[in-house]
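Tertiary structure, described
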Amino acid sequence: MRRLFLVLAALLCAAAFAFASLAQKRGSGIFLQLETPISATQAAQLSAQEAEETQSVGFCFYTILEGQRLTCPDTGQTAEVTVVPVYGNGGLLGADALSWAKGCVLDADTAQALFGTDAVGGQQVVLGDETLPVLAAGPALTPVALISAEQETRLDRCVLAGWDENGGQTAEQFLFRHGLSGEILNFYPLLVFVRNFCLLPLWVLLLSLCRLAGKRARWLGWLVGLTGAALLGKWVIVPEDAIPSVWSDFSFWGHWLRAQKENLLSIFAWAPVERALQMEQNMIKSVLCAMAGTLAAVIGGRR
């Protein structure tokens, strides 16, 4: 029975890492809430300027319009969705097709409600007085339609590509060089916490191995423990901004913890876009799997 729990712990640990990797692969680490919205025309000018930078950053500007109604002109079916006008790299929000074509991308459930199928090739939807071609449909947690932003559409949010341990500085530089200002939401610390938390079942399993080895010889238990700690220690992620430049500066930790608290509170108070919701969901699944794996490892490692 104990072996069964140990195997279960290993499987849950693997699942935790898989969900964490999925969150990183399908998400982005930095979201911006702009103080002053910009138009899609201004975003196009900004895009041309950013392309000339030696270290350019991929981005996508967007806004969120809740409670919008889509209509299928052929069937007359309607659906209420959250409309997200975007300009830039649509792939950052799960709408790759919008990076090179004008139209809209629907969630699969909305497509099914409007057309009776999620095979949307050649379909159109009406939003207000505008008719949009449907470019693609895919899974989503909420009814959503990502659309190409019109020239005068006001965009008050932005997502930057990739995960960067210096993501806060990258975002600040991006805002500064384009004369923008706004709040920075950095998901990288959350990802670091999740990935480090995934190691918890392995630390418990290592403790169990140390006990077993120690029964044969004390030196063997110490050898297994030190070797395992060295290997697992290499997987622990420590953000650069969590390392003080002067170790005797004890005020550093207070400032760092306050900054992390403010960042987390901003994230929790923020109305996320669909792709961010999926990222957060995968992080939660990862933590839950790690907790269950730790419990299984504790039960399996008992004498």
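See the structure printed just above.
First, a word on scope: everything that follows refers to the structure included in this document. (Residues numbered from 1 in each chain as written. Predicted model: local features only at pLDDT ≥ 70, side-chain atom pairs only at ≥ 80, totals over all residues. Heavy atoms only, no water.)

1. Observations concerning the pattern of salt bridges
Overall, the coordinates contain three salt bridges when judged by the stated rule. Here Glu50 makes a salt bridge to Arg177, at a shortest N to O gap of 2.7 Å. Of this pair, Glu50 sits in helix α2 (residues 40–51) while Arg177 sits in helix α4 (residues 167–177), and the two are 127 residues apart along the sequence. Accessibility expressed as a relative area gives 28% for Arg177, which makes it partly exposed. (Salt bridge = Lys/Arg side-chain N within 4 Å of Asp/Glu carboxyl O. Helix = DSSP H or I, 4+ residues; strand = E, 2+ residues; numbered from the N terminus. Buried < 20%, exposed > 50% of the residue type's maximum accessible area, 1.4 Å probe, protein only.)

2. Topic: the packing of aromatic side chains
Inspection of the entire model under this criterion finds six aromatic pairs. With a centroid separation of 5.3 Å and an interplanar angle of 70°, the aromatic rings of Phe59 and Phe61 are classed as edge-to-face. On the basis of relative accessible area, Phe59 is assigned to the buried category, the value being 7%. By the ring-pair criterion, three or more aromatic residues cluster together here, those being Phe59, Phe61 and Phe174. (Phe/Tyr/Trp six-rings, centres within 6.5 Å; stacked < 30°, edge-to-face > 60°.)

3. What to know about the pairing of strand β3 (residues 65–71)
Looking along a regular strand, one sees the side chains alternate between the two faces of the sheet. Strand direction decides the pairing type here: β3 and strand β4 (residues 78–88), joined by five bridges, are antiparallel. Bridging across to β4, Leu65 finds its partner in Val83. In this antiparallel pair of consecutive strands, β3 and β4, the connection spans six residues, and Gly76 shows a positive phi of 80°. Bridge count for β3 against strand β6 (residues 124–127) is two bridges, and the pairing is antiparallel. Bridge pairing in β6 places Thr71 opposite Val126. (Pairing = 2+ DSSP bridges.)

4. A word on the environment of Val287
Here Val287 lies in helix α9 (residues 274–301). By relative accessible area, which is 18% here, Val287 ends up buried. What Val287 contacts, discounting residues up to four positions off in sequence, is Phe193, Val194 and Phe197. (Contact = heavy atoms within 4.5 Å.)

5. Description of the nonpolar core
Ranked by internal contacts, the top residues of the largest apolar core, which has 35 residues, are Phe31 and Tyr62. Contributing elements (two or more residues each) for this core: α1 (2–25), β2 (59–62), β4, β8 (144–148), α5 (188–197) and α9. With six residues, α9 is the largest single contributor of residues to this core. In this structure, Ala40, Leu46, Cys158 and Phe174 belong to the second largest nonpolar core, which totals 18 residues. (Core = buried A, V, L, I, M, F, W, Y, C linked by side-chain atoms within 4.5 Å.)

6. Here we look at the packing of α5 against α9
Between α5 and α9, whose axes approach to 9 Å, the crossing angle comes to 25°. Comparing their axes, α9 and α5 come out roughly parallel. α9 is crossed by α5, and the crossing has left-handed handedness. Taking contact as the criterion, the partners of Leu190, Leu191, Phe193, Val194 and Phe197 in α5 are, on α9, Met283, Ser286, Val287, Ala290 and Met291. A class-by-class count of the residues in the contact of α5 with α9 yields nine nonpolar, one polar and no charged. (Axes fitted to C-alpha atoms, helices over the stretch in contact; angles between N-to-C directions. Parallel < 35°, antiparallel > 145°, perpendicular 65-115°, else oblique. Left-handed = near helix turned anticlockwise from the far one by under 90°. Nonpolar A, V, L, I, M, F, W, Y, C, P; charged D, E, K, R; others polar.)

7. Brief notes about the packing of α1 against α5
One can describe the packing of α1 onto α5 by two numbers: an axis separation of 9 Å at closest approach and a directional angle of 160°. Taken together, α1 and α5 sit at an angle that is classed as roughly antiparallel. Considering how the two elements wind past one another, α1 and α5 form a crossing that is left-handed. Contact residues: α1 offers Phe17, Ala20, Ser21 and Gln24, while α5 offers Leu191, Val194 and Arg195. Residue classes in the contact of α1 with α5 are distributed as four nonpolar, two polar and one charged.

Shape is all these values report; function is a separate question.
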